[in-house]
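# Inside the fold
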Amino acid sequence: MNLRRDVFQAIADPTRRAILLLLASQSMTAGAIAANFDTARPTVSKHLQILTECELLQQSQNGREIHYLINAKKMKEVSDFIEAFRNLWDDRFNKLESIMKQRMKNTAKKGK
Amino acid sequence: MERKTKIAAEDGKQEIIITREFELPVDMLFMAYTTSEIVEQWMGNKVLKMENKAHGGYAFEVKDPSGNVLFKANGAIHTFEPDKKITRTFQMENTPFDVQLEFLEFEKLTDETSKLTMHVIYRSVELRDQQLKLPFAQGINMAHDRLQELLKNSKTK
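All residue numbers refer to position in the chain's written sequence, counted from 1. Here every chain gets a letter starting at A, and every ligand a number starting at 1, in the order they are written. Only residues with pLDDT of at least 70 get local features here, since the model is predicted, and only at 80 or more are side-chain atom pairs given and counted; chain-wide, interface and lining totals rely on the full set of residues.

Moving on, we come to the overall build of chain A. Secondary structure counts use DSSP, requiring at least four H or I residues in a row for a helix and at least two E residues in a row for a strand, with both numbered from the N terminus. A tally of helices and strands in chain A yields 6 helices and 3 strands. Burial is judged by counting other C-beta atoms within 10 Å of a residue's own C-beta: 20 or more means buried, 12 or fewer means exposed, and anything between counts as partly exposed, with every C-beta placed from the backbone. Looking at chain A residue by residue over its 112 residues, the buried ones come to 26%. Restricting the contact set of chain A to residue pairs at least 6 apart, pairs at least 24 apart contribute 54%. Our contact criterion uses C-beta atoms placed from the backbone: two residues qualify when those atoms are within 7 Å.

Structure representation (structure tokens):
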């Protein structure tokens, strides 16, 4: 299970939500972002990594500096409740499919 | 991760259409929906009753490890056509959600693939919207719990 890619898991953390708020109107470097929090720099980097991996944040290179900015399209997905609803059903259907595929495999084996 | 299930839920309407194509022959898909032991595996509910026929009924339940009932749902089956369609009602007990009407259509695409279309109709737009939000709220809660567990585990290491 790839926890990191789960957008809902990503925004469940208050520090990550605060980072998103910070970047709402501007792009910033990791250093500038970290300066806003009491948290240790490596922890902030970890949060940035999680947010980037689930595509809530994008990176843009500005000379030698990397700036973080919000991925607006993905943010819209988060505010879209339908996504969670869809994931619920998709998880169930994925299970259904794999159960029945396994069943078909087992039946084929028995037939031989 | 690619999500194969499609949801159509227009603003201001009291219905939802859920579609999904499966790499399964249509009879296998139908079997998965109508066999108690299989439904239990992918829905995560215990099937208390399942009478697959017109005027039949069904009931699901989820209990926690101590035996407390967490979730109960039931419905009446209106139409039952093997490998083609099921029309039924569905209601979650002890919730503000009223009964909903579900049209399930099973379609053969090829010998190995099939498609399910679930058309769900709610009593009102508000009730539909509330149902849509339920997994979101649950998801946030679950995410909180998972995170807390992760933090707990990483601290004890």
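And the narrative resumes.
Per the secondary structure count, chain B includes 3 helices and 8 strands. N-terminal to C-terminal, the α/β element order of chain B is β-β-α-α-β-β-β-β-β-β-α. The buried share of chain B, taken over its 157 residues, is 16%. Residue pairs in contact within chain B that sit at least 24 positions apart in sequence constitute 35% of those at least 6 positions apart.

Our focus in this paragraph is the sheet that holds strand 2 (residues 57-62) of chain A. Residue and element names in this part refer to chain A. Note on pairing: DSSP must find at least two bridges between two strands before they are called paired. Strand order in the open sheet formed by 3 strands is 1-3-2, and the pairing between neighbours is antiparallel. Strand pairing shows two members of the sheet lacking a second neighbour, strand 1 (28-29) and strand 2, which therefore form its edges. Relative to strand 3 (residues 65-70), strand 1 runs antiparallel, the two being bridged by 2 bridges. Among the inter-strand pairings, threonine 29 is bridged to a residue of strand 3, identified as histidine 67.

A few words on the nonpolar core. With 19 residues, the main nonpolar core has Met100(A), Ile7(B), Leu24(B), Met28(B), Leu29(B), Ala32(B) and Phe106(B) as its most contacted residues. Elements with a minimum of two residues in this core: helix 6 (82-111) of chain A together with strand 2 (15-22) and helix 1 (26-34) of chain B. Among the elements that make up this core, the one with the highest residue count is helix 6 of chain A (6 residues). With sequence-adjacent residues up to four places away left out, Met28(B) is seen in contact with Met100(A) and Met104(A). Joining buried Ala, Val, Leu, Ile, Met, Phe, Trp, Tyr and Cys residues through C-beta atoms within 7 Å gives a set, and that set is a nonpolar core. Listed in part, the 14 residues of the second largest apolar core include Ala34(A), Val44(A), Leu56(A) and Tyr68(A).

Residues and elements named next belong to chain B. Within the open sheet, the 8 strands sit side by side as 1-2-8-7-6-5-4-3. Their pairing is antiparallel. For this open sheet the edge positions go to strand 1 (6-8) and strand 3 (46-50), each flanked by a neighbour on one side alone. Geometrically, the sheet is characterised by an average inter-axis angle of 20° between neighbouring strands, direction not taken into account. Think of each axis as a best-fit line through the C-alpha atoms, taken over the contacting stretch in the case of a helix, with angles from 0 to 180 degrees between the N-to-C directions.

The next point concerns the packing of helix 2 (residues 14-22) of chain A against helix 4 (residues 41-53) of chain A. Residues and elements named next belong to chain A. For the pair helix 2 and helix 4, interaxial distance at closest approach is 10 Å and the crossing angle is 75°. Taken together, the axis directions place helix 2 and helix 4 in an arrangement best described as roughly perpendicular. Within the contact between the two elements, helix 2 uses Thr15, Arg16 and Ile19 and helix 4 uses His47, Ile50 and Leu51. To sort the angles, those under 35 degrees are grouped as roughly parallel, those over 145 as roughly antiparallel, those from 65 to 115 as roughly perpendicular, and the leftovers as oblique.

One can find Ile99(A) in helix 6. Not counting chain neighbours up to four residues away, the residues in contact with Ile99(A) comprise Ala32(B), Ile38(B), Gln41(B) and Trp42(B).

Here we come to the confidence of the model for chain B. Residue and element names in this part refer to chain B. The predictor rates its confidence in each residue with pLDDT, a number between 0 and 100. Averaged over chain B, the pLDDT score is 89; the fraction of residues at 70 or greater is 85%. Mean pLDDT across the secondary structure elements of chain B bottoms out at helix 3 (residues 125-155), with 71, and peaks at strand 7 (residues 100-108), with 98. If you check the scores for this complex, the pTM reads 0.67 and the ipTM reads 0.84.

Moving on: the pairing of strand 8 (residues 114-121) of chain B. Residues and elements named next belong to chain B. Inspection of the sheet shows strand 2 paired to strand 8 by 8 bridges, in the antiparallel sense. Residue pairing across strands places threonine 19 opposite threonine 117, the latter belonging to strand 8. Where strand 7 meets strand 8, 8 bridges bridge the pair, whose relative direction is antiparallel. In the sheet register, glutamate 107 faces strand 8, and the bridge partner there is lysine 115.

With that settled, the discussion passes to the pairing of strand 4 (residues 57-63) of chain B. All names here are of chain B. Relative to strand 4, strand 3 is paired through 4 bridges, and the arrangement is antiparallel. The partner of lysine 49 across the bridge, within strand 4, is alanine 59. The loop that links strand 3 with its antiparallel partner strand 4 comprises 6 residues; one of these, histidine 55, has a positive phi angle of about 70°. Both strand 4 and strand 5 (residues 69-81) contribute to a ladder of 7 bridges, which runs antiparallel. Paired with phenylalanine 60 across the strands is alanine 73, a residue of strand 5.

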